[in-house]
Amino acid sequence: MSREPLLKVYGHVFPVTDAFYEDLARACADALPDADDIPVLERDGDMARISFEGVYFPVDEVLEALARHLGPEHKGKLDVLDMEGWRLTRHVLAGGSVHSSSAPLNNVLDYSGH
């Protein structure tokens, strides 16, 4: 029997160094995805991409890893969709810091600027 994932997390950050990527990989290690064959974290050149659907994602640990490495040159975002709580929390990575905001999923198109 298939069920909908409780949590969906999508994001990216660039540019990443080897040390930055390794720190993100350690932070993502405890994620519990629904499908084991899809990597949670992938590297594409100098960009790290996060793609997750499942029951548990270590959001706080990933945000801490990001904060340890963010500089003014980094850009990206981390979107956390809580399907059970019906909420999107967006963490924007810019200017060397993380800015977070949240909105109900019913308002996502208004919230995302579309």
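Below you will find a few notes about this structure. (Residues numbered from 1 in each chain as written. Predicted model: local features only at pLDDT ≥ 70, side-chain atom pairs only at ≥ 80, totals over all residues. Heavy atoms only, no water.)

1. Topic: the packing of helix α1 (residues 18–28) against helix α2 (residues 59–69)
Between α1 and α2, whose axes approach to 8 Å, the crossing angle comes to 165 degrees. In terms of their interaxial angle, α1 and α2 are classed as roughly antiparallel. Between α1 and α2 lies a crossing whose hand is right-handed. The residues of α2 that touch α1, namely those facing Ala19, Phe20, Asp23, Leu24, Ala27 and Cys28, are Glu61, Val62, Ala65, Leu66, Arg68 and His69. Taken together, the residues of the contact of α1 with α2 break down into 8 nonpolar, 1 polar and 3 charged. (Axes fitted to C-alpha atoms, helices over the stretch in contact; angles between N-to-C directions. Helix = DSSP H or I, 4+ residues; strand = E, 2+ residues; numbered from the N terminus. Parallel < 35°, antiparallel > 145°, perpendicular 65-115°, else oblique. Left-handed = near helix turned anticlockwise from the far one by under 90°. Contact = heavy atoms within 4.5 Å. Nonpolar A, V, L, I, M, F, W, Y, C, P; charged D, E, K, R; others polar.)

2. Focus: the pairing of strand β7 (residues 97–104)
Across 8 bridges, the pairing between strand β6 (residues 87–94) and β7 is antiparallel. Across the sheet, the residue bridging to His91 is Ser100, located in β7. Connecting β6 to the next strand, β7, in antiparallel fashion are 2 residues, including Gly95 with a positive phi near 60 degrees. (Pairing = 2+ DSSP bridges.)

3. What about α2?
Within α2, the full set of buried residues consists of Val59, Val62, Leu63, Ala65 and Leu66. Looking straight down α2, one finds that the buried residues subtend no more than 160 degrees of arc, so they occupy a single side. Opposite the buried face of α2, by more than 90 degrees, sit the exposed residues Asp60 and Arg68. Those residues of α2 that are buried lie in contact with β1 (7–14), α1, β4 (47–56), β5 (75–82), β6 and β7. (Buried < 20%, exposed > 50% of the residue type's maximum accessible area, 1.4 Å probe, protein only. Arc of directions from axis to C-beta.)

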